[in-house]
Amino acid sequence: MRIVFGWNNFTIKSYKPKELGLTQEDTNDFRIEARQSYFHLFWIPFFGLGKKWVIRKGSNTYELPAQYQHKVNEQNIRLRTPWYTFAGPLLILAGLIGFWAYTQYDEYEQQQLGKAYYKQKTDALQASVNGLSDKHILTISDVSGYDEERHVYLKVEKVSGEQVTVSYLKANKISASDNWRTIEDYYNNNKGSLPVYTISKQQLLSSIVLDSRLSRAPGRPGIAFLNGDTVKYALTQAERCFGPLVKDRNTGSFSGGELHMELYNDGWPAQITDLKITKGDMKLRSTLPIDMPSSTGYQFPETDIRFSGYTYNSPYTFTMEVTDSSGAKHSYTVEGTYLKKNIVNTTRY
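Residues numbered from 1 in each chain as written. Predicted model: local features only at pLDDT ≥ 70, side-chain atom pairs only at ≥ 80, totals over all residues. Heavy atoms only, no water.

> Describe the overall build of the protein, naming the residues involved and giving the relevant values.
Check the secondary structure of the protein and you find 4 helices and 18 strands. Taken against the 2.2 N^0.38 rule, which gives 20 Å for 349 residues, the C-alpha radius of gyration of the protein at 37 Å runs more than 25% over that of a compact globule. Counting the 349 residues in the protein, one finds 39% classified as buried. Sequence separation of at least 24 residues holds for 59% of the intrachain contacts in the protein that already meet a minimum separation of 6. (Helix = DSSP H or I, 4+ residues; strand = E, 2+ residues; numbered from the N terminus. Rg over C-alpha atoms; globule rule 2.2 N^0.38 Å. Buried < 20%, exposed > 50% of the residue type's maximum accessible area, 1.4 Å probe, protein only. Contact = heavy atoms within 4.5 Å.)

The following block contains the structure:
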């Protein structure tokens, strides 16, 4: 690309010779102009190079004679540099301010979406606590460290009104990379020899960190609800196990009105056998049934679901019927915006 630069000038003020006392006659044969010289880049003024007085006759300008220059100088005419002499830097500054404002707004918008997404998660977690069954496994995190840095699992044994009896699964016996089926196996192999505690639903609910800004930071709110244990915990998950566990991979794409999302199954092998859209104008493009293989170790096979007619960043809700390898049917509700979504098991067992 060719870079065009150089210098030029423009008129600041224009006078008749009589106005400056250069002649006694009110002539229109020529005028006296004060002109601003400037440096330009791509013809856009960037900074001034000084001012000068010239004589204009028609479309031509000429250097001011010395006797005229002397008389003009004696009048001490104040000439201000026009702001548009610096149009280039001002345009750059305006562009930078515009870019900063856009990034600030985009960051704010993402923060608001993040807060809404986190609230959906905590609302779903609270709903899970109120609907606990003996199939649930709870994840509690030590609030003195980072989120999920130190955590244990609690297997629900019995729910009697507001009281919940749980078996304590030590975290150091289970790798963080293991899936829920591994945790189920650990429980089945050690059932009867695990420590048992009784806690209340209110304790579990009170331990949930509702402020998204505190959700991962050490020292966040928590409750020491295990008898004889002074460690404070925050409830971070309440999963209904011993069946399929549909999860969000947080990956996918959007192009030409087509929304592609990827889920995975952290529980028993299953298939999506029915899907109904209850909010949004999009339509299902994928063909049912859709396989949901079980994850193993660090392998999380994706389950692809595609929709057409989706408007970017518009909210949607759909329900899924998931049939597991034993033939049992499970219901899930998926609610979200673009790729941010919450998946809730809504099965009535």
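> Would you mind going over the pattern of salt bridges in detail, with residue names and values included?
When their charged atoms lie close together, side chains carrying opposite charge are able to pair. Counted according to the given criterion, the structure contains 12 salt bridges. The salt bridge partner of arginine 56 is glutamate 33, with a shortest N-O separation of 2.7 Å. Here arginine 56, found in strand S3 (residues 44-57), pairs with glutamate 33, found in strand S2 (residues 31-41); they are 23 residues apart in sequence, far enough to count as distant. Residue class for arginine 56 comes out partly exposed when judged on its relative accessible area of 22%. (Salt bridge = Lys/Arg side-chain N within 4 Å of Asp/Glu carboxyl O.)

> Now, about the sheet that holds S2: what can you tell me, with residues and values included?
The strand order across the open sheet built from 4 strands is S1-S2-S3-S4, with neighbouring strands paired in antiparallel fashion. The open sheet terminates on both sides in strands that have one partner only, identified here as strand S1 (5-15) and strand S4 (60-63). For this sheet, the mean inter-axis angle between neighbouring strands, taken without regard to orientation, is 45°. Direction of pairing for S2 relative to S3: antiparallel, over a ladder of 11 bridges. Its bridge partner lying in S3, glutamine 36 is registered against lysine 51. (Pairing = 2+ DSSP bridges. Axes fitted to C-alpha atoms, helices over the stretch in contact; angles between N-to-C directions.)

> Describe the layout of surface pockets, and please don't skip the residues or the numbers.
Of the voids in this model, the second largest pocket is the one considered here, and its volume is about 160 Å³. Contributing to the lining of the second largest pocket are 13 residues, with Ala116, Gln120, Gly336, Thr337 and Lys340 lying nearest its centre. Those elements giving two or more residues to the lining of the second largest pocket turn out to be helix H2 (87-130), strand S16 (315-324), strand S17 (329-337) and strand S18 (340-345). Sort the elements by how many residues they give to the lining of the second largest pocket and H2 lands first, with 4 residues. Class assignment of the residues belonging to the lining of the second largest pocket gives a composition of 5 nonpolar, 4 polar and 4 charged. (1 Å grid on protein atoms, 1.4 Å probe; cavity = no way out; pocket = protein on both sides within 12 Å on 5 of 7 lines; lining within 4 Å. Points joined across faces, edges and corners; volume = space filled by probe spheres on them. Nonpolar A, V, L, I, M, F, W, Y, C, P; charged D, E, K, R; others polar.)

> Hey, could you go over the side chain of serine 286 for me, with residue numbers and the actual values?
Note on placement: serine 286 falls in the loop between strand S13 (283-284) and strand S14 (290-292). Since its relative accessible area comes to 18%, serine 286 is described here as buried. In this structure the side chain of serine 286 is engaged in a polar contact, spanning 2.8 Å, whose partner is the backbone nitrogen of arginine 306. The contacts of serine 286, once residues within four sequence positions are left out, are Asp304, Ile305 and Arg306. (Polar contact = N/O pair within 3.5 Å; in protein donor to acceptor, adjacent residues only side chain to side chain.)

> Tell me about a nonpolar patch on the surface, and please be specific about residues and values.
A surface patch of nonpolar side chains, about 990 Å² in accessible area, is lined by Trp7, Phe47, Leu49, Trp83, Tyr84, Phe86, Leu90, Leu93 and Ile97. Looking at the nonpolar patch, the elements with two or more residues in it are S3 and H2. Here the nonpolar patch takes 3 residues from H2, the largest share from any one element. Under the relative-accessibility criterion, tryptophan 7 is labelled exposed at 66%. (Patch = residues over 30% accessible without salt bridge, like charges linked within 9 Å, V, L, I, M, F, W, Y side chains within 5 Å. Areas by Shrake-Rupley, 256 points an atom, 1.4 Å probe, with all protein chains shown as cover.)

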